[in-house]
Structure formats: structure tokens, C-alpha cells
Amino acid sequence: MEIDPFIFRLSIFILSIFIGYYVVWSVTPSLHTPLMSVTNAISSVIIVGAIIAALAGSSGKIFGISSIFGFLAIILAAINIFGGFLVTQRMLQMYKKKKDKKK
Amino acid sequence: MISANLSAIFYLVSGILFILALRGLSSPDTSRQGNYFGIAGMLIAIIVTFLTIGNFSYTLIYVIIFLLIGGAIGAFIAFKIPMTAMPELVAGFHSLVGLAAVFVAIAAFLNPAAFNLGLVGNIKLASLIEMSIGAAVGAITFSGSIIAFLKLRGIMSGSPITFGGQHLLNLILGLGIVVLIFYLCKTQSANVFWTLVIISFLVGILLIIPIGGADMPVVISMLNSYSGWAAAGIGFTLENTALIITGALVGSSGAILSYIMCKAMNRSFVSVILGGFGADNSSDDKKEKRDQKPVKSGNAEDAAFLMKNASSVIIVPGYGMAVAQAQHALREMVDKLKKNDIKVTYAIHPVAGRMPGHMNVLLAEANVPYDEVFELEDINNDFANSDVAFVIGANDVTNPVAKTDPKSPIFGMPVLDVEKCKSVLFVKRSLSPGYAGIDNELFYKDNTLMLFADAKKMTEDIVKNLD
């Protein structure tokens, strides 16, 4: 009997939940807002699916109905990726220690 | 074109980089590096996807154009958004992830061959379940986040919207989603799929409208978690490791944040979801009672005098500070105090503001060094040894009633022991109760001096009086 590849993916999924659990508990509370914006950005890796959808129907016509949804998803995910990472960067840049600002 | 195995390994690498991105946030020192890991992970995932498809026809140009359009919009928002508007921004971004998940699921349903999931009308059973879960959770995330966005932005009233049979309706719709997924697997019918998506949109709206403004930190964290699960659902459909790992990370991150927020309010997750909290139920006789109690009020001069003669001051910021944009004036005030050798620290309650960590970001924006900012449990004992507590824009999180009155709706919620300070300065526009809709005993204490004014204006006036 072979193991269904789904089980492997499920294992990755569950182990990642555990990793997420421990990693997120170690995040300092003062960085919870950047945490939210960065998780937002990384969950936009869903763009992978959008790109596949957009490029898939390209034998012949570019804008088939399913690739239109792909293109729309690319825009949405791209807003999130750029917006998420950049706003996180902007926030993190502001966190300074006491000695930095001594005049 | 690279092989499926190689691309799977690259996706794993990008998943690991995302883990490191979150790991970096354990301290502000490592956080910036963490963000670069995240960006690197994203780059790898996108490039590998292009290489795996290996389709370099002119369609690719369209993909890149659309990517850049979205990117430009995102970058524009990221640079323009004021820090006080972070909660709305995050809610808005969640809705985009949700909608993107729905779109990808729709694309996969319409063109399963592109994703190796079988043919139209004969999609693999497991994939069908995975994509419908992804679509349903994505749709709930989308419409729920839109409602949260409207509430946070003030376009929609923050007070809860409730009606009879609400929970029953939600339950029925929830069960309806399960039944529809079941039917979808049997019939593979497109109509069932569309119905599923529409009902999920509806559930998202119904789920968030009964939740009041005070519970917004929980709602945002919860939607954060949903957007993760939606991504994971799509990850299973696409058999993509990077998406599965990320979805799990984001899902658990949001869940932990919701838990922390609930604990900080001493509310159970279920009671937050059921909603109705923070409704305007202050009856008339309650108001009368409030008016009769004597309150000491003062002006900027009194406040400046008190603080000048103190040796230690603790600042307690809250959402009101964000609304009044008073953080810069506050920093100025603190600088003046420090010049007089007064020790100043900041005390932040976990639910101060409208999202986790909101106050910390605002203070960081005003150049307050993060090592002067303390969390509730680290600073609460210091109030007893401090001379002045300066409460600016916070209310419920300082209410001693949470410790004394078991009948109070916020009883048991951990609060800042502000009343233990020798004197309390309370900047507030009026005596109106906070989001929880309850009166704050602190207003009537002998050692409390109320400063009735806009937070920013009052702080600026105090700064003038400190010279």
C-alpha cells in the first residue's frame, strides 16, 4: 500500500501549525501590529495560484474566463504583497532604542 | 522549465523563509532582517512559479503588467497610510487575501486541467473539497473584513447590529455550506459552487455585524487567522508546500492573537463571536447618578504643575490618543519632563487601540524609544511607586471596577492599576463611558484630576505650561 501524497501535505500542514504556534508566541507584544501586516503579506503567496490560473488558458486566447479570475487575483495579491511588506518595513523602521535618539 | 520536484524544494525554501520572517519579530532588532527574509521568500515563490509553468509567451507580459499595477497600488497605500489607520488597512488587506483565494478557487473550478485536478465536471474529489473550503473561508474572510473595515473606518457605526434569530440563521447558513459542499462533490454542478460562494459571502457579513467596536482587536485577529486558513485550503488544492506552510503559520498566528486579545478582555472567544457587547444601554437613571457624583477637573496649568513636581510619571495611552493624533505632542511633553529629570515610562494595555500592538506603533512613530514602553504585566506594580499617571485616551482598561464589582461586564479583565498612583491625570473629552458602556470609578476618586479637552490640544497646552 502506498501512502496518499495528501497525507504528506497534511503532515506538513500540521507541523507548520505547531511551528507557527511556537514562533508567534515568541513575538514580542509591541510588534503585534507588524506581525499582522507581515502575515498579511506572506499569505498573499496565494499569487502562485493566481499566476498558474492566468497563464494556464493561454493556448489560443489570453483572457479566458478562468484566466480573468487569475489576473484579478494577481492584482489583489500584488497589492497585498507590496503593501504588506512595505508598510511592515515602514513600521519596523520606526522602532528605535533609547541610545539611537540621544541628541 | 524546472522539474516539479525541484520547484517543490524551492517552495519549501520559501516557506522556511516565511517562518524566519515571523521569527525575526521576536525583537525589534531582528525584525527588519525578518522582513527581508519574507520578501526573499515571496520572490522565490513567484519566480519558481514562472519557471515551473515555463510559458514565456506574451501572456507572461500581461501577468507582469497586472503584477506591477497591483504592486504600484500597494506601494502607494503603504507609503501614504497614516499609522493611526493601521487597523483599517490590515482589515482591508485581509479582505484582499480572502477575495484572491475565492478567485483562485473559481479559476481552479472552471479550468481544473490547468492545475492538474482533472477535467470540468470530473474534478478529483479531494481537490473539490479543498477548493470549496478555500473558496468558502476566503469568501467569509472577504466580506467579514469589509464589514470590519467599514466599522473601523467609521463609515459604519461601531455599535453591534443584532436581530432575533441571528445565531440560528448563522447556524443554518453554516450547515448549509457543509451540505452544499457535499452536493458539489456529488453533482460537480457549477450552480452549487456559485451558491456556495454567495452564501459564504453572506455568512462573513452576518458574522461580523453583531460584534461591537470594543471587540475589534479580536475581530481583526480572527480575520487574520481566517485568511491563513483560506490560503492553506488553496494550498492543498494546488498541492503547493509554500502555500500550505504559510497558511498554517498565518492561521495559527491569528488564532494566538485572538486568544491574547480575548484574555486581555477576560472574554471568551464564543461570547465575542456571539456579539452584542458594547451596545448603548446606558439608561437615564444611570446618567443621573453619574451627574451627582463630584468630579475634580483642572486645566493644563494644574497638570503641568503636578507633573513638574513629580519624580516619576507613567503615561497610559489609549485609542483616544490615536483619534486625536496626540502622539507627537505627547512625545514633546515627555521630552520636556525628561529634561527636568523626571522618569517617564509608558504603560500599554494589550487591548488599547483597535488592533494588537496599535499603541506601540503609534509611539514608535512619534520616536518614543521602544525600551521605555512596557506591557501591562511588566509595569503594573510600578503604579504604586509613581507620582503621576497620565491617562490619555484610555478608559475601560483603567477602570478599577474590573477588580471590585463582580456584576460589572468587564469584571475580571486585567486592568492597569492607575488608581494606585499618587495622582491621576485623566485627559478626556467628557465623562461619557468608554466602549464597554460603563462608568469609570476612577473619574470620581479624590486623587484624580480630570482634564476635559481634546487629547492633542490639552497635551500641547501642557507643553506650553511646562516652560
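Since this is a predicted model, take the numbers as computed values, not measurements.

Here is what the cut-offs are and how they apply
- Residues numbered from 1 in each chain as written.
- Chains lettered and ligands numbered in written order.
- Predicted model: local features only at pLDDT ≥ 70, side-chain atom pairs only at ≥ 80, totals over all residues.
- Heavy atoms only, no water.
- Helix = DSSP H or I, 4+ residues; strand = E, 2+ residues; numbered from the N terminus.
- Contact = heavy atoms within 4.5 Å.
- Areas by Shrake-Rupley, 256 points an atom, 1.4 Å probe, with all protein chains shown as cover.
- Core = buried A, V, L, I, M, F, W, Y, C linked by side-chain atoms within 4.5 Å.
- Buried < 20%, exposed > 50% of the residue type's maximum accessible area, 1.4 Å probe, protein only.
- Patch = residues over 30% accessible without salt bridge, like charges linked within 9 Å, V, L, I, M, F, W, Y side chains within 5 Å.
- Salt bridge = Lys/Arg side-chain N within 4 Å of Asp/Glu carboxyl O.
- Axes fitted to C-alpha atoms, helices over the stretch in contact; angles between N-to-C directions.
- Parallel < 35°, antiparallel > 145°, perpendicular 65-115°, else oblique.
- Left-handed = near helix turned anticlockwise from the far one by under 90°.
- pLDDT = per-residue confidence, 0-100.
- Buried area = accessible area lost by both parts, 1.4 Å probe.
- Polar contact = N/O pair within 3.5 Å; in protein donor to acceptor, adjacent residues only side chain to side chain.
- Nonpolar A, V, L, I, M, F, W, Y, C, P; charged D, E, K, R; others polar.
- Phe/Tyr/Trp six-rings, centres within 6.5 Å; stacked < 30°, edge-to-face > 60°.
- Lys NZ or Arg CZ within 6 Å of the ring centre and 35° of its normal.

Draft legend 1. Structural view of the overall build of chain A. If you tally the helices and strands in chain A, you get 4 helices and 0 strands. Along chain A, helices and strands appear, N-terminal first, in the series α-α-α-α. Of all intrachain contacts in chain A linking residues separated by at least 6 positions in sequence, the fraction that spans at least 24 positions is 67%. For chain A, the computed accessible surface area is about 4,300 Å², with 71% contributed by carbon and sulfur atoms.

Draft legend 2. The nonpolar core, seen in detail. Grouped together as the largest cluster of nonpolar side chains are 190 residues, with contacts concentrated most on Ile74(A), Met333(B), Phe383(B), Phe390(B) and Ile462(B). Looking at this core, the element that brings in the most residues is helix 4 (residues 86-110) of chain B, giving 17 residues. Those residues in contact with Ile462(B), other than ones at most four positions away along the chain, are Ala300(B), Ala303(B), Ala304(B), Met307(B), Met333(B), Phe390(B) and Leu451(B). Core analysis: the second largest hydrophobic core is formed by 5 residues, Phe13(A), Phe236(B), Ile244(B) and Ala248(B) among them.

Draft legend 3. Layout of a nonpolar patch on the surface. A surface patch of nonpolar side chains, amounting to about 670 Å² of accessible area, comprises Ile14(A), Phe18(A), Tyr21(A), Tyr22(A), Trp25(A) and Tyr259(B). Per-element tally for the nonpolar patch: the top contributor is helix 1 (residues 5-25) of chain A, with 5 residues. Mapped onto the fold, Trp25(A) is located in helix 1. Owing to a relative accessible area of 37%, Trp25(A) belongs among the partly exposed residues under this scheme.

Draft legend 4. Seen up close, the packing of helix 4 (residues 65-94) of chain A against helix 2 (residues 28-53) of chain B. As a packed pair, helix 4 of chain A and helix 2 of chain B sit with axes 9 Å apart at the nearest point and diverge in direction by 165°. Taken together, the axes of helix 4 of chain A and helix 2 of chain B lie roughly antiparallel to each other. For the pair helix 4 of chain A and helix 2 of chain B, the crossing hand works out as left-handed. Contacts between helix 4 of chain A and helix 2 of chain B involve Ile81(A), Phe85(A), Thr88(A), Gln89(A), Leu92(A) and Gln93(A) from the first element and Ser31(B), Arg32(B), Asn35(B), Tyr36(B), Gly38(B), Ile39(B), Met42(B) and Ile46(B) from the second.

Draft legend 5. Structural view of the confidence of the model for chain A. Residues at a pLDDT of 70 or more form 88% of chain A, whose mean pLDDT is 86. Model confidence for chain A, summarised as mean pLDDT per element, is weakest for helix 3 (residues 47-56) of chain A at 88 and strongest for helix 2 (residues 32-43) of chain A at 93.

Draft legend 6. Main features of the interface of chain B and chain A. Of the residues lining the interface, 105 residues belong to chain B; the matching set on chain A comes to 81 residues. Carbon and sulfur atoms supply 78% of the area that chain B and chain A bury against each other, a total of about 8,500 Å² over both sides. One salt bridge connects Glu239(B) with Arg9(A), and the closest N-O pair in it is separated by 3.3 Å. For the pair chain B and chain A, the number of links is 18 residue pairs in polar contact (both at pLDDT 80 or more). For the side of chain B that touches chain A, the secondary structure elements donating two or more residues are helix 1 (4-24), helix 2, helix 3 (59-80), helix 4, helix 8 (216-238), helix 9 (241-265), helix 14 (327-339) and helix 15 (358-365) of chain B. Residues of the side of chain B that touches chain A, tallied by class, amount to 68 nonpolar, 25 polar and 12 charged.

Draft legend 7. Focus on unusual backbone geometry. All names here are of chain B. With a phi angle near 55°, glutamate 239 is a residue other than glycine that sits in the positive phi range. Its place among the elements puts glutamate 239 in the loop between helix 8 and helix 9. Backbone geometry at glutamine 325 places phi at a positive 55°, although glycine is not the residue there. Note that glutamine 325 resides in the loop between helix 13 (319-324) and helix 14.

Draft legend 8. Region of the structure containing the packing of aromatic side chains. Under the defined criterion, the tally for this structure stands at 16 aromatic pairs over all chains. Between Tyr21(A) and Trp25(A), the ring centres sit 6.3 Å apart and the planes meet at 75°, which makes this aromatic pair edge-to-face. Here Tyr21(A) and its partner Trp25(A) are both found in helix 1, 4 residues apart, which amounts to about one turn of the helix. Grouping aromatic residues by their ring pairs yields a cluster made of Phe69(A), Phe103(B), Phe109(B), Phe193(B) and Trp194(B). The lysine or arginine in question, Arg354(B), covers the ring of Tyr319(B), its NZ or CZ lying 3.9 Å from the ring centre.

Draft legend 9. Summary view of helix 3 of chain A. Counting buried residues in helix 3 of chain A gives 9 out of 10 residues, a clear majority hidden from the surface. Looking at the packing, one finds that the buried side of helix 3 of chain A touches helix 4 of chain A together with helix 1, helix 2, helix 3, helix 4 and helix 8 of chain B.

Draft legend 10. Region of interest: the side chain of Gln188(B). All names here are of chain B. Inspection of the secondary structure puts glutamine 188 in the loop between helix 6 (166-187) and helix 7 (190-208). Classification of glutamine 188 by relative accessible area gives buried; the value is 15%. Of the polar contacts made by the side chain of glutamine 188, one reaches the backbone nitrogen of isoleucine 123; its length is 2.9 Å. When neighbours within four sequence positions are excluded, glutamine 188 is seen to be in contact with Phe109, Gly121, Asn122, Ile123, Leu128 and Tyr183.

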